[in-house]
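One-letter residues, chain by chain:
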Amino acid sequence: MNEKNSNSIADFLKFLRDTQMEYNIVTQTEYEADRETQDLLHRLELENDSYHDMAKLAKAMKTVRCKRREAKDAKIVIEPIIQWLTENDKFIKSLERLLGEVRKAEKSTTNRHYIDKTDILKEVLKQREL
């Protein structure tokens, strides 16, 4: 039950890390799609391809542009989170420290053993046996 606190903090930090990784991926995907678009446009501009090859190039252009649009839309949605991450770097580090402290506290509450300091328990239980 106590692990709920550390799990919640860990889940939030994982969300932030996953979002940063997703942002990097969609940024790279958008960049690659831009480069592919330029390759296709230059091919159309500079070469004299057949009708069928031009149709293939146009289909490829549509596929590349759709891939780019998906990446760009995902990037737009993620950007506010990335901005917040950038502005709150100290807070994130503080949360990571907090997670460590909470996990340490949770661990200290499991598998507790008590060592008697006096003989009171022996005395009380001995009286009961009589």
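Structure first, text after, so check above.
Residues numbered from 1 in each chain as written. Predicted model: local features only at pLDDT ≥ 70, side-chain atom pairs only at ≥ 80, totals over all residues. Heavy atoms only, no water.

Chemist: When you look at the overall build of the chain in this model, what are you seeing that I'm missing?
Modeler: Along the backbone of the chain there are four helices and zero strands. Reading the chain from its N end, one meets helices and strands in the order α-α-α-α. Relative to the compact-globule value of 14 Å for 130 residues, the chain shows a C-alpha radius of gyration of 30 Å, a clear excess of over 25%. Summarising its shape, the C-alpha atoms of the chain cover approximately 110 × 35 × 15 Å along the three principal directions. (Helix = DSSP H or I, 4+ residues; strand = E, 2+ residues; numbered from the N terminus. Rg over C-alpha atoms; globule rule 2.2 N^0.38 Å.)

Chemist: Is there a simple way to explain the packing of helix H2 (residues 51–87) against helix H3 (residues 89–108) in this structure?
Modeler: Relative orientation and spacing of two packed helices are given, respectively, by the angle between their axes and the distance between those axes. Taken N-terminus to C-terminus, the directions of H2 and H3 make an angle of 80°; their axes are 4 Å apart at the nearest point. Taken together, H2 and H3 sit at an angle that is classed as roughly perpendicular. Along the contact surface, H2 presents Trp84, Leu85, Thr86 and Glu87, while H3 presents Asp89, Phe91 and Ile92. Considered class by class, the residues forming the contact of H2 with H3 number four nonpolar, one polar and two charged. (Axes fitted to C-alpha atoms, helices over the stretch in contact; angles between N-to-C directions. Parallel < 35°, antiparallel > 145°, perpendicular 65-115°, else oblique. Contact = heavy atoms within 4.5 Å. Nonpolar A, V, L, I, M, F, W, Y, C, P; charged D, E, K, R; others polar.)

Chemist: How should the packing of aromatic side chains be read in this particular structure?
Modeler: Within a pair of aromatic rings, the relevant descriptors are the distance that separates the centres and the angle that separates the planes. Inspection of the entire model under this criterion finds three aromatic pairs. The interplanar angle of 75° and the centroid separation of 6.4 Å between the aromatic rings of Phe12 and Trp84 together place this pair among those described as edge-to-face. In this pair, Phe12 sits in helix H1 (residues 3–46) while Trp84 sits in helix H2, placing the two residues 72 residues apart along the sequence. Among the residues examined, Trp84 registers a relative accessible area of 32% and is labelled partly exposed. (Phe/Tyr/Trp six-rings, centres within 6.5 Å; stacked < 30°, edge-to-face > 60°. Buried < 20%, exposed > 50% of the residue type's maximum accessible area, 1.4 Å probe, protein only.)

Chemist: Please clarify how a nonpolar patch on the surface should be interpreted in this entry.
Modeler: A surface patch of nonpolar side chains, amounting to about 370 Å² of accessible area, comprises Phe12, Phe15, Trp84 and Phe91. Topologically, Phe91 is positioned in helix H3. (Patch = residues over 30% accessible without salt bridge, like charges linked within 9 Å, V, L, I, M, F, W, Y side chains within 5 Å. Areas by Shrake-Rupley, 256 points an atom, 1.4 Å probe, with all protein chains shown as cover. Salt bridge = Lys/Arg side-chain N within 4 Å of Asp/Glu carboxyl O.)

Chemist: Explanation requested: the pattern of salt bridges in the structure shown.
Modeler: Oppositely charged side chains can pair when the atoms bearing their charge come close. Applying the stated rule across the entire model yields eight salt bridges. A salt bridge links Lys14 to Asp18, with the nearest nitrogen and oxygen atoms 2.6 Å apart. Here Asp18 and Lys14 lie together in helix H1, a separation of four residues that amounts to about one turn. The partly exposed category is assigned to Lys14, whose relative accessible area is 43%. Here Lys93 makes a salt bridge to Asp89, at a shortest N to O gap of 3.9 Å. Pair noted here: Lys93 and Asp89 are both in helix H3, with a separation of four residues, about one helical turn. Lys93 sits in the partly exposed class, given a relative accessible area of 42%. Among the residues examined, Asp89 registers a relative accessible area of 41% and is labelled partly exposed. Several salt bridges converge on common partners, so that one network encompasses Glu30, Asp34, Arg68 and Lys75.

Chemist: Help me out: how do you make sense of the nonpolar core in this one?
Modeler: A general tendency of soluble globular proteins is for nonpolar side chains to be buried together. Grouped together as the largest cluster of nonpolar side chains are twelve residues: Ile9, Ala10, Leu13, Leu16, Tyr23, Ile78, Ile82, Leu85, Ile92, Leu95, Leu99 and Val102. Broken down by secondary-structure element, the contributors of at least two residues to this core are H1, H2 and H3. A per-element tally of this core places H1 first, with five residues. Filtering out sequence-adjacent residues up to four positions away, Ile92 remains in contact with Leu13, Leu16, Trp84 and Leu85. (Core = buried A, V, L, I, M, F, W, Y, C linked by side-chain atoms within 4.5 Å.)

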